[in-house]
Amino acid sequence: MSKALLKSSPENRLNAIIEALVDASDRALEHSDCPLSRMPEYFMAVHVANHFAQSFSNFGYRLEASVKQTLADAGVEEDEINDLLESPELRGNGRFDLVLRTGRRGVPAHVLEFKRGSRSAHLLKDLIRLAHVSKTVSDGSRLETNYLVFTTKKTESRLLAMLSEQEAERKKTNPRARGKVTYTLKKYQTITHWDKDDAKRVPKHMAVAVFEVRYKK
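Residues numbered from 1 in each chain as written. Predicted model: local features only at pLDDT ≥ 70, side-chain atom pairs only at ≥ 80, totals over all residues. Heavy atoms only, no water.

**Comments concerning the environment of Gln69**
Residue position: Gln69 is located in helix H3 (residues 67-73). The exposure class of Gln69 is partly exposed, given its relative accessible area of 42%. A C-alpha to C-alpha distance of 9.8 Å links Gln69 and Pro108, two positions 39 residues apart in sequence. (Helix = DSSP H or I, 4+ residues; strand = E, 2+ residues; numbered from the N terminus. Buried < 20%, exposed > 50% of the residue type's maximum accessible area, 1.4 Å probe, protein only.)

**A few points about the sheet that holds strand S1 (residues 59-66)**
Taken in spatial order, the 6 strands make up an open sheet running S1-S2-S3-S4-S6-S5, and their pairing is mixed. Strands with a single pairing partner mark the edges of an open sheet, and in this sheet they are S1 and strand S5 (181-190). For this sheet, the mean angle separating the axes of adjacent strands, direction not counted, is 25°. Packing against the sheet, helix H2 (residues 41-55) makes contact with S1, strand S2 (95-102), strand S3 (107-116) and strand S4 (146-152), and its axis sits at approximately 155° to S1. Sheet strands in contact with helix H6 (residues 156-173) are S4, S5 and strand S6 (207-215), and its direction is about 160° off that of S5. (Pairing = 2+ DSSP bridges. Axes fitted to C-alpha atoms, helices over the stretch in contact; angles between N-to-C directions. Contact = heavy atoms within 4.5 Å.)

**Brief notes about H6**
In an α-helix, one turn spans 3.6 residues, which is why side chains three or four residues apart end up on the same side. Taking 1.5 Å per residue as the helical rise, H6 with its 18 residues ought to reach 26 Å, and the 26 Å between its terminal C-alpha atoms agrees with that figure. Within the sequence span of H6, burial applies to Leu159, Met162, Leu163, Gln166, Glu167 and Arg170. Here the buried residues of H6 occupy an arc of 135° about the axis, which is enough to place them on one side. Exposed residues pointing more than 90 degrees away from the buried face of H6 are listed as Ser157 and Lys172. (Expected span 1.5 Å × (residues − 1). Arc of directions from axis to C-beta.)

**Thoughts on the packing of helix H1 (residues 10-32) against H2**
Angle between the axes and distance between the axes are the two parameters that describe a pair of packed helices. Where H1 contacts H2, the two axes come as close as 9 Å, and the packing angle between them is 125°. Taken together, the axes of H1 and H2 are oblique relative to one another. Crossing handedness for the pair H1 and H2: right-handed. On the side of H1, the interface is formed by Arg13, Ala16, Ile17, Glu19, Ala20, Leu21, Asp23, Ala24, Arg27 and Ala28, while H2 contributes Phe43, Met44, His47, Val48, His51 and Phe52. Among the residues forming the contact of H1 with H2, the class breakdown is 10 nonpolar, 2 polar and 4 charged. (Parallel < 35°, antiparallel > 145°, perpendicular 65-115°, else oblique. Left-handed = near helix turned anticlockwise from the far one by under 90°. Nonpolar A, V, L, I, M, F, W, Y, C, P; charged D, E, K, R; others polar.)

**A closer look at the nonpolar core**
Ranked by internal contacts, the top residues of the largest apolar core, which has 33 residues, are Leu159, Tyr183 and Phe211. Of all elements in the fold, only H3, helix H4 (78-84), S2, helix H5 (120-136), S4, H6, S5 and S6 reach the threshold of two or more residues within this core. If you tally residues by element for this core, the top one is H5, at 7 residues. With residues near it in sequence (within four places) discarded, Phe211 still touches Leu127, Asn146, Tyr147, Leu148, Phe150, Leu159, Leu160, Leu163, Tyr183, Thr184 and Leu185. Ranked by size, the runner-up nonpolar core spans 26 residues in total, among them Ile17, Leu21, Ala45 and Tyr147. (Core = buried A, V, L, I, M, F, W, Y, C linked by side-chain atoms within 4.5 Å.)

Rendered as structure tokens:
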């Protein structure tokens, strides 16, 4: 008997991301003899994309999706897109790691970005970029909710403390942006990890973290 396909909901999407990456971790260990945290970011994106396509009733996907084309497919006007592409926060000449698409026309539904590690210099910028996508689309668009997914050695409390420190610094230099970028750590799942070149493979702390990102208009 075939497994019933899921309908998209915030909790179902979050659970699916974690399920896909736990499976990806197991496969990396089995076939590459390598922890997930040392596999390419693309490896994570492909596993999540395939898991969504196989588990949900109405999701397709694009990998390495053009920012410009994604916004156009989401219904953003061309003149507005051209203005947005100049924004350093959006980095419009780049690509999104994964865009989940839904409906008969394959409308962009959610952007997912994947990272190895949670370096303090980049994490908040990545969250702001995803929030900027949410900001550009019209109210009610599915692209209002996006996800940042990454492996991290940090504990949940340290991760949130680091972001709080970065946010405080950002508010000093950009007070008008206060409170508009919203992100929530929704999932935190430990995975197998050991130090590089450790023949004994002494277990070390590593986790997959999933942030849900939005923008208050």
